[in-house]
Amino acid sequence: MPLRVDNIRRTLEAVLAPTRLDIEDDSHRHAGHVGAKGGGHYRVYVVSAKFSGRTLIARHRMVYEALAEQMKGDIHALSIVAKSPEEAVE
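What you see is a predicted model; the values in this text were computed from it and never measured.

Draft legend 1. Representation of the overall build of the protein within the structure. A count of helical and extended segments in the protein gives three helices and three strands. Secondary structure elements of the protein, listed N to C terminal, follow the sequence α-β-β-α-α-β. Across the protein, the fraction of contacts at a sequence separation of at least 24, relative to all contacts at a separation of at least 6, is 65%.

Right, here's the structure in full:
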């Protein structure tokens with residue numbers, strides 16, 4: 001598993017205690033992207049009880065806050081699907 005994905009996983013697991021966490025590295029699809037400056041492109045699907053009763057924007061803020069350090073360089077773009085356990089269809 002690439003180091004960046006592993007770091008994202010560890011951070012989100014520690015902060016959000018997800019029941020499901022899928023991380024996809026889409027960086028290869030953005031090769032040569034001018035604004036990336038070394039940061040990768042990632043998709044995150046996360047299910048956490050901490051999202052229950054929170055708005056979509058609040059959930060995204062929680063993810064961005066958890067990954068704030070990585071957003072400074074390791075992550076250029078992040079696509080987020082954040083659901084509570086009640087909403088997740090497994």
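The structure having been displayed, the exposition proceeds.
Draft legend 2. Broad picture of the environment of G40. Within the secondary structure, G40 is located in strand β2 (residues 40-47). Judged by its relative accessible area of 1%, G40 falls in the buried class. Between the alpha carbons of G40 and I75 there is a distance of 4.8 Å; along the sequence they are 35 residues apart.

Draft legend 3. Just the packing of helix α1 (residues 3-16) against helix α2 (residues 56-66), in detail. At a minimum axis separation of 9 Å, α1 and α2 run at an interaxial angle of 125 degrees. Considering their axes alone, α1 and α2 lie oblique with respect to each other. Both α1 and α2 take part in a crossing whose hand is right-handed. Taking contact as the criterion, the partners of T11, L12, V15 and L16 in α1 are, on α2, M62, V63 and A66. Residues that form the contact of α1 with α2 fall into these classes: six nonpolar, one polar and no charged.

Draft legend 4. Examining the nonpolar core more closely. Core analysis: the largest hydrophobic core is formed by 18 residues, its most contacted members being L12, V46, V63 and L78. The set of elements that each furnish at least two residues to this core consists of α1, β1 (20-25), β2, α2 and β3 (75-83). In this structure, V63 is in contact with L12, L16, V46, F51, L78 and I80, ignoring residues within four places of it in sequence.

Draft legend 5. Representation of the sheet that holds β1 in the model. Sheet architecture is open: three strands sit in the order β1-β2-β3, paired in mixed fashion. Since the sheet does not close on itself, it has two edges, and those belong to β1 and β3, each with one partner. Neighbour to neighbour, the strand axes of the sheet diverge by 15 degrees on average, direction disregarded. Note: β2 against β3, eight bridges, orientation parallel. Its bridge partner lying in β3, R43 is registered against S79. Contacting β1, β2 and β3, α1 crosses the sheet at an angle of about 155 degrees to β1. Along the sheet, α2 makes contact with β2 and β3, crossing β3 at roughly 135 degrees.

Draft legend 6. How the structure looks around unusual backbone geometry. Not every positive phi belongs to a glycine, and A17 is a case in point at roughly 45 degrees. With respect to the element layout, A17 can be found in the loop between α1 and β1.

Conventions and cut-offs
- Residues numbered from 1 in each chain as written.
- Predicted model: local features only at pLDDT ≥ 70, side-chain atom pairs only at ≥ 80, totals over all residues.
- Heavy atoms only, no water.
- Helix = DSSP H or I, 4+ residues; strand = E, 2+ residues; numbered from the N terminus.
- Contact = heavy atoms within 4.5 Å.
- Buried < 20%, exposed > 50% of the residue type's maximum accessible area, 1.4 Å probe, protein only.
- Axes fitted to C-alpha atoms, helices over the stretch in contact; angles between N-to-C directions.
- Parallel < 35°, antiparallel > 145°, perpendicular 65-115°, else oblique.
- Left-handed = near helix turned anticlockwise from the far one by under 90°.
- Nonpolar A, V, L, I, M, F, W, Y, C, P; charged D, E, K, R; others polar.
- Core = buried A, V, L, I, M, F, W, Y, C linked by side-chain atoms within 4.5 Å.
- Pairing = 2+ DSSP bridges.

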